[in-house]
Amino acid sequence: MWCGIRRRSSQHCWFAFFFSLLTIFERQTLAELRYSIPEEMKEGTFVGNVAKDLGVDKLSLTDRRFRVVSGSKDAVFEVNPDKGSLQVRKKIDREEMCHGSGACQIELKILVENPLEIHYVVVEITDVNDHSPSFSEKEQTFEIAEHTSPGTRFELHAARDPDAGVNSIRTYTITSNDHFDIESSQSDEDKIPFLVLRKSLDREQKSQHLLCVTAVDGGKPPRSGTLNVSIIVLDINDNRPNFSQDTYQVEIYENASVGTTVTAVKAIDPDEGTNGEIEYSFSKTLARKVSEIFELNSISGKITLKQKLDFEDSEMYKLDVQASDKATPPLTSRSRVVVKIKDINDNAPEIEVTSLSNTVTEDSKPGTIISLISVTDKDSGANAKIISSIAEDVPFQLKPSYKENSYSVVTTGFLDRWVFISSP
Ligand SMILES: [Ca+2]
Ligand SMILES: [Ca+2]
Ligand SMILES: [Ca+2]
Ligand SMILES: [Ca+2]
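All figures in this text were calculated on a predicted structure; none of them were measured in a lab.

The rules behind each value
Residues numbered from 1 in each chain as written. Chains lettered and ligands numbered in written order. Predicted model: local features only at pLDDT ≥ 70, side-chain atom pairs only at ≥ 80, totals over all residues. Heavy atoms only, no water. Donors = N, O, S within 2.8 Å, 3.2 Å for Na, K, Ca; no water. Helix = DSSP H or I, 4+ residues; strand = E, 2+ residues; numbered from the N terminus. Buried < 20%, exposed > 50% of the residue type's maximum accessible area, 1.4 Å probe, protein only. Contact = heavy atoms within 4.5 Å. Pairing = 2+ DSSP bridges. Disulfide = S-S within 2.5 Å. Axes fitted to C-alpha atoms, helices over the stretch in contact; angles between N-to-C directions. Salt bridge = Lys/Arg side-chain N within 4 Å of Asp/Glu carboxyl O. Core = buried A, V, L, I, M, F, W, Y, C linked by side-chain atoms within 4.5 Å. Polar contact = N/O pair within 3.5 Å; in protein donor to acceptor, adjacent residues only side chain to side chain. Phe/Tyr/Trp six-rings, centres within 6.5 Å; stacked < 30°, edge-to-face > 60°.

**Q** Honestly, the coordination of the calcium ion (ligand 4) in this entry has me stumped. Any pointers?
**A** When four donors bind a metal tetrahedrally, each ideal donor-metal-donor angle is 109.5 degrees, and when six bind octahedrally, the ideal angles are 90 or 180 degrees. Within the protein, the atoms that donate to the calcium ion (ligand 4) are Asn237 (OD1), Asn239 (O), Asp269 (OD), Asp269 (OD), Asp271 (OD), Asn275 (O) and Asp325 (OD), at distances of 2.2 to 2.8 Å. Binding-site remark: the calcium ion (ligand 4) is held by donors from one chain whose sequence spacing is N-x1-N-x29-D-x1-D-x3-N-x49-D. Highlighted residues: Asn275 in the loop between strand 20 (267–268) and strand 21 (278–282) and Asp325 in strand 24 (residues 316–325), separated in sequence by 50 residues. Overall, Asn275 belongs to the buried group, its relative accessible area being 15%. When its relative accessible area of 2% is taken as the criterion, Asp325 is described as buried.

**Q** What exactly am I supposed to notice about the side chain of His209 here?
**A** As for its position among the elements, His209 is in strand 15 (residues 208–217). With a relative accessible area of 7%, His209 lands in the buried category. Not counting residues up to four positions away in its chain, the partners in contact with His209 are His179, Leu201, Val229, Ser230, Ile231 and Val233.

**Q** Teacher, can you tell me more about the pairing of strand 21 here?
**A** The two faces of the sheet receive side chains in turn, since in a regular strand these alternate between them. Alternating positions in strand 21 separate cleanly, Ile278, Tyr280 and Phe282 being buried on one face and Glu279 and Ser281 remaining unburied on the opposite face. As paired elements, strand 21 and strand 24 share 5 bridges and run antiparallel to each other. Along strand 24, the bridge assignment pairs Ser281 with Gln322.

**Q** For this particular structure, what's the right way to read the coordination of the calcium ion (ligand 2)?
**A** Coordination sphere of the calcium ion (ligand 2), protein contribution only: Glu39 (OE), Glu95 (OE), Glu95 (OE), Asp127 (OD), Val128 (O), Asp130 (OD) and Asp163 (OD), at 2.2 to 2.8 Å. Considered as a linear motif, the donors of the calcium ion (ligand 2) on their single chain read E-x55-E-x31-D-V-x1-D-x32-D. Note that Glu95 is positioned in helix 4 (residues 94–97) and Asp163 in the loop between strand 11 (159–160) and strand 12 (169–174), a separation of 68 residues in sequence. Here Glu95 falls in the buried class, since its relative accessible area comes to 8%.

**Q** What is the right way to look at unusual backbone geometry in this model?
**A** Negative phi characterises most residues that are not glycine, and trans characterises most peptide bonds. Cis peptide bonds are those with omega within 30 degrees of zero, and the linkage from Asn114 to Pro115 qualifies with -10 degrees. Note on placement: Pro115 falls in the loop between strand 6 (104–112) and strand 7 (117–126). In this model, Thr328 is joined to Pro329 through a cis peptide bond whose omega is -5 degrees. Even without a glycine there, the phi angle at Arg65 is positive, about 45 degrees. By the secondary structure assignment, Arg65 is in the loop between helix 3 (61–64) and strand 3 (67–69). Here Asn405, not a glycine, exhibits a phi torsion of approximately 60 degrees, which is positive. In this fold, Asn405 is placed in the loop between strand 28 (396–400) and strand 29 (406–411).

**Q** Please explain the state of the cysteines as it appears in this structure.
**A** By definition, a disulfide is the covalent link that joins the sulfur atoms of two cysteine residues. Within the structure shown, the criterion is met by 1 disulfide. With a sulfur-sulfur separation of 1.9 Å, Cys98 is cross-linked through a disulfide to Cys104. As the torsion about the S-S bond is roughly 65 degrees, the Cys98-Cys104 disulfide counts as right-handed. There is no split in this pair, since Cys98 and Cys104 are both buried.

**Q** Honestly, the sheet that holds strand 14 (residues 190–197) in this entry has me stumped. Any pointers?
**A** Pairing between the strands of a sheet is mediated by backbone hydrogen bonds and can be parallel or antiparallel. Sheet architecture is open: 3 strands sit in the order 10-14-13, paired in antiparallel fashion. Edge strands, defined here as strands with exactly one partner in the open sheet, are strand 10 (153–155) and strand 13 (180–187). The average undirected angle you get between the axes of adjacent strands in this sheet is 35 degrees. Alignment of strand 13 against strand 14, held across 8 bridges, turns out to be antiparallel.

**Q** Could you clarify how one ought to interpret the sheet that holds strand 3 in this entry?
**A** Spatially, 1-7-6-3 is the arrangement adopted by the 4 strands of the open sheet, whose pairing is mixed. Across the chains shown, the open sheet's two edge strands, defined by having one partner strand only, are strand 1 (33–38) and strand 3. Taking each pair of neighbouring strands and ignoring which way they run, the sheet shows an average axis angle of 40 degrees. In this structure, strand 1 lies alongside strand 7, joined through 6 bridges in parallel fashion. Within the sheet, the bridge partner assigned to Tyr35 lies in strand 7 and is Val123.

**Q** Quick question: what am I supposed to make of the pattern of salt bridges here?
**A** Opposite charge on two side chains lets them pair, provided their charged atoms get close. This structure, assessed with the given rule, holds 17 salt bridges. The residue Glu113 makes a salt bridge to Arg67 at a minimum N-O spacing of 2.8 Å. Here Glu113, found in the loop between strand 6 and strand 7, pairs with Arg67, found in strand 3; they are 46 residues apart in sequence, far enough to count as distant. Across the pair Glu183 and Arg198 runs a salt bridge, and its minimum N-O distance is 3.1 Å.

**Q** Help me understand the nonpolar core in this model?
**A** Across soluble globular proteins, nonpolar side chains show a tendency to be buried alongside one another. Core analysis: the largest hydrophobic core is formed by 27 residues, its most contacted members being Val265, Phe294, Ile303, Tyr317, Leu319, Val337 and Val339. Contributing elements (two or more residues each) for this core: strand 18 (247–253), strand 21, helix 5 (288–293), strand 22 (294–296), strand 23 (302–305), strand 24 and strand 25 (332–342). The residues touching Val265, leaving out its near neighbours within four places in the chain, are Phe243, Tyr248, Tyr280, Leu296, Ser300, Gly301, Ile303, Val321 and Val337.

**Q** I keep staring at the side chain of Thr148 and nothing clicks. Help me out?
**A** Within the secondary structure layout, Thr148 lies in the loop between strand 9 (139–145) and strand 10. Within the structure, the side chain of Thr148 is placed 2.6 Å from the backbone oxygen of Ala145, a separation counted as a polar contact.

**Q** Is there a simple way to think about the environment of Asp346 in this case?
**A** Here Asp346 lies in the loop between strand 25 and strand 26 (350–355). Owing to a relative accessible area of 43%, Asp346 belongs among the partly exposed residues under this scheme. On a C-alpha basis, the gap between Asp346 and Glu254 in space is 9.5 Å, while along the polypeptide they are 92 residues apart.

**Q** Help me out: how do you make sense of the packing of aromatic side chains in this one?
**A** Between two aromatic rings, the relevant description is the distance of the centres plus the angle of the planes. Considering all chains together, one arrives at 4 aromatic pairs under this definition. Each ring, one from Phe142 and one from Phe154, has its centre 5.9 Å from the other, and the planes form 65 degrees; the classification is edge-to-face. Highlighted residues: Phe142 in strand 9 and Phe154 in strand 10, separated in sequence by 12 residues. Judged by relative accessible area, which is 12%, Phe142 ranks as buried. Consider the rings of Phe294 and Tyr317, whose centres lie 5.2 Å apart with planes at 75 degrees: the pair is edge-to-face. In this pair, Phe294 is assigned in strand 22 and Tyr317 in strand 24, connecting sequence segments 23 residues apart.

As structure tokens, then:
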């Protein structure tokens, strides 16, 4: 029995081997009769006709008191006194009688009197597939990181089947799936199953895999047992935050009050935990002036006004924003927010007067240029459109010059009093 243990020296093993051979040889020589019967046969089942095989006359059976000599009371065989046949006295369980999957033999002594004779009989109990493979646990859980290399093996619980030979475990199967195969290797008496990763796992695609491993024996029909295998896929930071838009376009009136929400940027990171938690920030290259006007909430992605806007100062701002996950090291991505400022009519036209002469004589001819004026408005579009006119009842008129919003003030007749020019 130590042969099974590798630590024993080969010398010991050889000695034990020869000893066993000798014992078997001796027993076989002694055994006059050999019978074979499957396990689990019911009481009274015929094993062999001992009397006939020993050449004992059926008529003298009663006188010769044929019987099985057994040390214990619970002998599994007996001789039928009338027929001289060996029969089952008690149902035999091979797995209880003999452990392991080697041959299971029961040696008997049969005693015959008048004259006294002892005969040796060996009954071999053959195996019946009366056990299903079974796992010690119902469930087994593995935690496997996504992107683990294909080919990696994971040892599964082994199933046990106490039957012998082909009736014991023959193979393991697994439910059809995209990622795992099953392999097994023989270790002493057991067949150990392994999960083998065939294709990398992706947690973002599927975070848990449930598989059923079945151990099947080689009986006819085969029997089987199952093990539920649960695979939890551990996260790796393999996704960078992804903005909902490459560029965000926003328009806002220049008179929007401080605190107004300009827009909100949004990025998604499908990883788990801190690998998927996002922090927003302005790009480090953002001009200081711009960062003084706009504020970005690092958690919500909301951009608000920190200062009043002025269209006349800047019509557009380009804000480069960054989203970063909280992994170490983090993965980041960028997007741009273009804020267009809309004009409000918040500037009155301004008149610039360039007087040519401080005084003008009463006898100046009509059409004399008195002054040059130019009108400007800081607003834009319609808000900057200027309609210039001169107050009525004065002997002056505005004469447009070649340049827009520039005029010369000229006399319309002879002057007899001073007036002053006004413009709306
Ligand atoms: Ca079996
Ligand atoms: Ca069996
Ligand atoms: Ca991931
Ligand atoms: Ca991530």
